[in-house]
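Chain residues, written in single-letter form:
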Amino acid sequence: MAYEEVVQETVNMTGDPQRGAQLFEKLGCVKCHTVAKNEPLKGPFLGDITTRYGRPEIIESILRPSAKIAQGFITTTVETRDGTEYEGFIVRESGDTLELRNLAGAAIIPKKEIVKRGTIKLSIMPEGLFDKSTPGDLAAMLAYLKSLAPK
């Protein structure tokens, strides 16, 4: 199906939150996203995503992760004097250090050691995670994310 057709079919569809939770695990979303405040942060926190964004925006983020990258989650690349390469999003930056976080955790890099720094226009979230899924699966994921919202 074309992207627009998927959005149109899914946006008003009711999904099963339990099925969505299973998909969240199966597709590996849990590796990069936290859904509870007590979990160590990795990628964007999704526990309240449905209070901040509407269904069409969330669908776009899932199906086209590089279309709009949320502020603070632009991928930064860094190379240090010793040839070590880092990739992640900036958690904190001071005059002396840069802290990047990715799936592996956080790295604090002394700025005096950085020889190259740039950004990547693509989301760290891989494209195509839902390519083999149905609009019903996507609706289930949306229902699961909605179930996480604070009451």
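Scroll up to find the structure.
Quick caveat, the model's predicted, so the values are computed rather than measured. (Residues numbered from 1 in each chain as written. Predicted model: local features only at pLDDT ≥ 70, side-chain atom pairs only at ≥ 80, totals over all residues. Heavy atoms only, no water.)

## As for the packing of aromatic side chains
(1) Moving on: Under the criterion given, the structure shown has two aromatic pairs.
(2) Moving on: On the basis of an interplanar angle of 70 degrees and a centroid distance of 4.8 Å, the ring pair of Phe73 and Phe89 is categorised as edge-to-face. Remark: Phe89 occurs in strand S2 (residues 85-93) and Phe73 occurs in the loop between helix H5 (55-63) and strand S1 (75-80); sequence separation between them is 16 residues.
(3) Moving on: Looking at Phe73, the relative accessible area reads 21%, which means it is partly exposed.
(4) Moving on: Positioned above the aromatic ring of Tyr3 is the side chain of Arg64, whose terminal nitrogen or guanidinium carbon lies 3.6 Å from the ring centre. (Phe/Tyr/Trp six-rings, centres within 6.5 Å; stacked < 30°, edge-to-face > 60°. Helix = DSSP H or I, 4+ residues; strand = E, 2+ residues; numbered from the N terminus. Buried < 20%, exposed > 50% of the residue type's maximum accessible area, 1.4 Å probe, protein only. Lys NZ or Arg CZ within 6 Å of the ring centre and 35° of its normal.)

## Re the side chain of Arg101
(1) Moving on: Here Arg101 is to be found in strand S3 (residues 97-102).
(2) Moving on: For Arg101, which is buried and forms no salt bridge, the nearest opposite charge comes from Glu99, at a distance of 6.8 Å.
(3) Moving on: What Arg101 contacts, discounting residues up to four positions off in sequence, is Leu41, Lys42, Gly43, Phe73, Gly88, Phe89, Val91 and Ala106. (Lys, Arg positive; Asp, Glu negative; His and termini not counted. Salt bridge = Lys/Arg side-chain N within 4 Å of Asp/Glu carboxyl O. Contact = heavy atoms within 4.5 Å.)

## As for the pattern of salt bridges
(1) Moving on: Inspection of every chain in the model, using the stated rule, returns seven salt bridges.
(2) Moving on: One salt bridge connects Lys111 with Glu93, and the closest N-O pair in it is separated by 2.8 Å. Linking Lys111 in the loop between strand S4 (105-110) and strand S5 (114-120) with Glu93 in strand S2, this pair joins segments that are 18 residues apart in sequence.
(3) Moving on: Owing to a relative accessible area of 27%, Lys111 belongs among the partly exposed residues under this scheme.
(4) Moving on: Among the charged side chains, a network of salt bridges with common partners joins Glu93, Lys111 and Arg117.

## Considerations on the nonpolar core
Most often, soluble globular proteins keep nonpolar side chains buried together rather than apart.
(1) Moving on: Membership of the largest hydrophobic core comes to 19 residues, with the highest contact counts inside it found for Phe24, Met141 and Leu145.
(2) Moving on: For this core, the secondary structure elements donating two or more residues are helix H1 (3-10), helix H2 (17-26), H5 and helix H6 (135-148).
(3) Moving on: At six residues, the largest contribution of residues to this core is made by H6.
(4) Moving on: Setting aside residues up to four positions removed in sequence, Met141 forms contacts with Gly20, Leu23, Phe24, Leu27, Cys29, Ile62 and Phe130.
(5) Moving on: Counting residues in hydrophobic clusters, the runner-up holds five residues, among them Val78, Leu98, Ile109 and Ile114. (Core = buried A, V, L, I, M, F, W, Y, C linked by side-chain atoms within 4.5 Å.)

## Some details on the packing of H2 against H6
(1) Moving on: Closest axis-to-axis distance for the H2/H6 pair is 7 Å, and the angle between their directions is 100 degrees. By the angle between their directions, the pair H2 and H6 is classed as roughly perpendicular. In this structure, H2 contributes Pro17, Arg19, Gly20, Ala21, Leu23 and Phe24 to the contact, and H6 contributes Asp137, Ala140, Met141, Ala143, Tyr144, Leu145 and Ser147.
(2) Moving on: When grouped by side-chain class, the residues that make up the contact of H2 with H6 number nine nonpolar, two polar and two charged. (Axes fitted to C-alpha atoms, helices over the stretch in contact; angles between N-to-C directions. Parallel < 35°, antiparallel > 145°, perpendicular 65-115°, else oblique. Nonpolar A, V, L, I, M, F, W, Y, C, P; charged D, E, K, R; others polar.)

## Focus: H2
(1) Moving on: Taken as a whole, H2 has its buried residues at Gly20, Leu23 and Phe24. Viewed end-on, H2 has its buried residues packed into an arc of 105 degrees, placing them on one side of the element. With respect to the buried face of H2, the exposed residues turned more than 90 degrees away are Gln18, Glu25 and Lys26.
(2) Moving on: At the N-terminal boundary of H2, the capping side chain belongs to Asp16, with an oxygen 3.0 Å from the backbone nitrogen of Gln18.
(3) Moving on: Gly28 lies just past H2 and shows a positive phi near 85 degrees. (Arc of directions from axis to C-beta. Polar contact = N/O pair within 3.5 Å; in protein donor to acceptor, adjacent residues only side chain to side chain.)

## Examining the sheet that holds S2
(1) Moving on: Strand order in the open sheet formed by five strands is S4-S3-S2-S1-S5, and the pairing between neighbours is antiparallel. Among the strands making up the open sheet, the edge pair consists of S4 and S5. Each adjacent strand pair in this sheet contributes to an overall mean axis angle of 45 degrees, direction not counted.
(2) Moving on: In this sheet, S5 lies alongside S1 in antiparallel orientation, the contact comprising six bridges. Bridge pairing in S5 places Thr76 opposite Thr119. (Pairing = 2+ DSSP bridges.)

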